[in-house]
Amino acid sequence: MTILRAAQCVAEPSLLTSPEEISPEWLTAVLCDSGAISQPVSTCEVTRFAEGMALLSRLYRVRVRYDSPNENGSTTLVVKLATEDPEQLFIAELLGLYHREAFVYNNLREHLPYRMPACHLAVASDDGRATTVVLEDLSRCRAIDQVAGAPWNVVISCIDAMADQHALWYRDVRLGLLDEVLLPLAHPIYPSALPVVFDPGWDVAREVLGDQIGARLAGFGDRWSTECRELLQRLGEHPTLLHGDWRADNLFFDNDELVVFDFQIAGVGAGAYDLAYFVSQSVSPAIRAGRDREIVGEYVARLEAHGVKRTYGSVWDEYRVALLVCLVYPVAAFRSWHAQGARGRALIEQMFLRASDAIEATGALDLVS
């Protein structure tokens with residue numbers, strides 16, 4: 001924890017690489033620039049939190065005091081910086097993840113159908129290896145612990161919210177204007193880049209989990225890198241705007257209002273991708289058991305309520321394809337297994353075991369056998 005004092009304001013905020021650079025002067029520039037305050041920040045107290053939850057970032061809570069007792073700016077903020085984990089930083093750089101999040105916060109806030117945290121700054125370095133995001137602190141809200149898993153009422157809320165987004169952007173002409181930053185799932189970079197993170201992660205997953213990986217899934221994992229190109233192409237036929245990282249650790253409830261954040265993996269593709277990603281990695285088998293078809297049915301019905309006509313059968317197939325593709329996320333996270341703390345390891349393991357269970361329960365492997 002550090003406590004710093006300010007003597008004056010500065011004109012413009014800048015990209016940070018270290019929490020030691022979070023100063024009253026810097027915060028004054030950020031908050032003045034966003035229109036949140038008109039008086040300088042006098043002191044700030046910086047504390048790291050959520051270790052083992054944000055795999056691609058470091059999160060800091062900043063307690064703020066102002067020169068004027070009448071200043072109504074936030075007394076706490078969240079500052080998000082790039083990860084220091086070389087394995088996760090490699091993924092972020094390779095796929096332009098920090099640029100994606102900055103783009104969403106700066107350009108799409110008014111075009112998403114749910115609440116996002118207030119954002120005072122969102123920037124990324126040209127090389128994609130650094131980011132600085134300053135957000136509203138939502139610690140007063142109810143968090144959903146991904147290790148514990150999302151309860152059924154949260155599952156339904158999330159299905160409806162993501163379907164609202166997908167319907168709003170379904171086959172929208174604006175998608176073509178976004179795809180240089182928010183890459184389509186069918187983009188050729190994915191079948192080239194994802195095996196680079198999947199294969200070494202798969203080796204660690206096999207070592208750590210051993211017999212917990214069923215024989216059929218193990219066989220698919222061994223050839224995932226050769227199968228992923230065709231699977232990804234199948235997820236490009238009904239494009240919409242994807243959150244990309246819809247998981248329990250990226251959600252809050254302010255009373256009953258859902259608040260969604262963390263847009264580092266935002267992209268374009270079939271909406272069933274968001275659905276499969278969330279369900280397979282944030283919902284325990286005990287909650288999900290026997291409900292996969294109900295989940296897809298709820299999603300299709302919500303789309304139809306917005307006037308988007310999709311057949312249940314085609315979305316069900318996309319859902320199962322997406323389950324196979326989304327195996328990459330827990331597997332890639334295994335690359336950093338030996339550097340993770342207890343919470344990080346528990347999260348990675350749960351993500352994998354839930355994905356595995358969903359793949360087997362839905363017969364998704366029949367699509368590639």
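Residues numbered from 1 in each chain as written. Predicted model: local features only at pLDDT ≥ 70, side-chain atom pairs only at ≥ 80, totals over all residues. Heavy atoms only, no water.

A. Summary view of the overall build of the protein. Check the secondary structure of the protein and you find 13 helices and 11 strands. The C-alpha radius of gyration computed for the protein amounts to 21 Å, which stays within 12% of the reference 21 Å derived for 369 residues, consistent with globular compactness. By its C-alpha atoms, the protein is 65 × 45 × 35 Å across when sized along the principal axes. Out of the 369 residues in the protein, the part that is buried amounts to 58%. The contacts of the protein with a sequence gap of at least 6 include a subset with a gap of at least 24, amounting to 71%. Working note: accessible area of the protein is about 14800 Å², and carbon and sulfur atoms make up 49% of it. (Helix = DSSP H or I, 4+ residues; strand = E, 2+ residues; numbered from the N terminus. Rg over C-alpha atoms; globule rule 2.2 N^0.38 Å. Buried < 20%, exposed > 50% of the residue type's maximum accessible area, 1.4 Å probe, protein only. Contact = heavy atoms within 4.5 Å. Areas by Shrake-Rupley, 256 points an atom, 1.4 Å probe, with all protein chains shown as cover.)

B. A look at the sheet that holds strand S10 (residues 257–260). Judged by pairing direction, the sheet is antiparallel, and its three strands sit side by side in the order S7-S9-S10 without closing on themselves. Among the strands making up the open sheet, the edge pair consists of strand S7 (142–143) and S10. Pairing geometry for S7 and strand S9 (residues 251–254), over two bridges, is antiparallel. By the bridge assignment for S9, Arg142 is matched with Phe253. Packed onto the sheet, helix H4 (residues 152–169) meets S7, S9 and S10 and runs at close to 100 degrees relative to S9. (Pairing = 2+ DSSP bridges. Axes fitted to C-alpha atoms, helices over the stretch in contact; angles between N-to-C directions.)

C. Representation of helix H11 (residues 312–325) in the model. The terminal C-alpha atoms of H11 lie 20 Å apart, and with 14 residues this matches the ideal 20 Å at 1.5 Å per residue to within 8%. In terms of burial, H11 is a largely internal element, 10 of the 14 residues being buried. Along H11, the positions that sit buried rather than exposed are Val315, Trp316, Glu318, Tyr319, Arg320, Val321, Ala322, Leu323, Leu324 and Val325. Elements in contact with the buried residues of H11: helix H7 (215–234), strand S11 (267–270), helix H8 (272–282), helix H10 (292–305), helix H12 (328–333) and helix H13 (342–361). (Expected span 1.5 Å × (residues − 1).)

D. The arrangement of the environment of Pro239 in detail. Within the element layout of this structure, Pro239 appears in strand S8 (residues 239–242). Distance in space between the C-alpha atoms of Pro239 and Val268 is 6.0 Å, their sequence separation being 29 residues. Residues within four places of Pro239 in sequence aside, it is in contact with Trp169, Tyr170, Arg171, Leu175, Val268 and Gly269.

E. Local environment of the side chain of Thr362. Along the chain, Thr362 falls in the segment after H13. Taking relative accessible area as the criterion, Thr362 reaches 8% and is therefore assigned buried. Only 2.8 Å separates the side chain of Thr362 from the backbone oxygen of Ala358, close enough to count as a polar contact. The residues contacting Thr362, other than those within four sequence positions of it, are Asp292, Trp316, Tyr319, Arg320 and Leu323. (Polar contact = N/O pair within 3.5 Å; in protein donor to acceptor, adjacent residues only side chain to side chain.)

F. How the structure looks around the state of the cysteines. Scanning the model with the defined rule gives zero disulfides in all. Here Cys228 is not disulfide-linked; the sulfur of Cys326 is the nearest cysteine sulfur, at 12 Å. Residue classification places Cys228 among the buried residues on the basis of a relative accessible area of 1%. (Disulfide = S-S within 2.5 Å.)

G. Quick peek at the packing of H8 against H11. The contact between H8 and H11 brings their axes to 8 Å, and the two run at 55 degrees. Here H8 is positioned oblique relative to H11, judged by the angle of their axes. At the point where H8 passes H11, the crossing takes the right-handed sense. Side by side, H8 and H11 meet where Ala272, Tyr273, Leu275, Ala276, Val279 and Ser280 of the first sit next to Val315, Glu318, Tyr319, Ala322, Leu323 and Val325 of the second. (Parallel < 35°, antiparallel > 145°, perpendicular 65-115°, else oblique. Left-handed = near helix turned anticlockwise from the far one by under 90°.)

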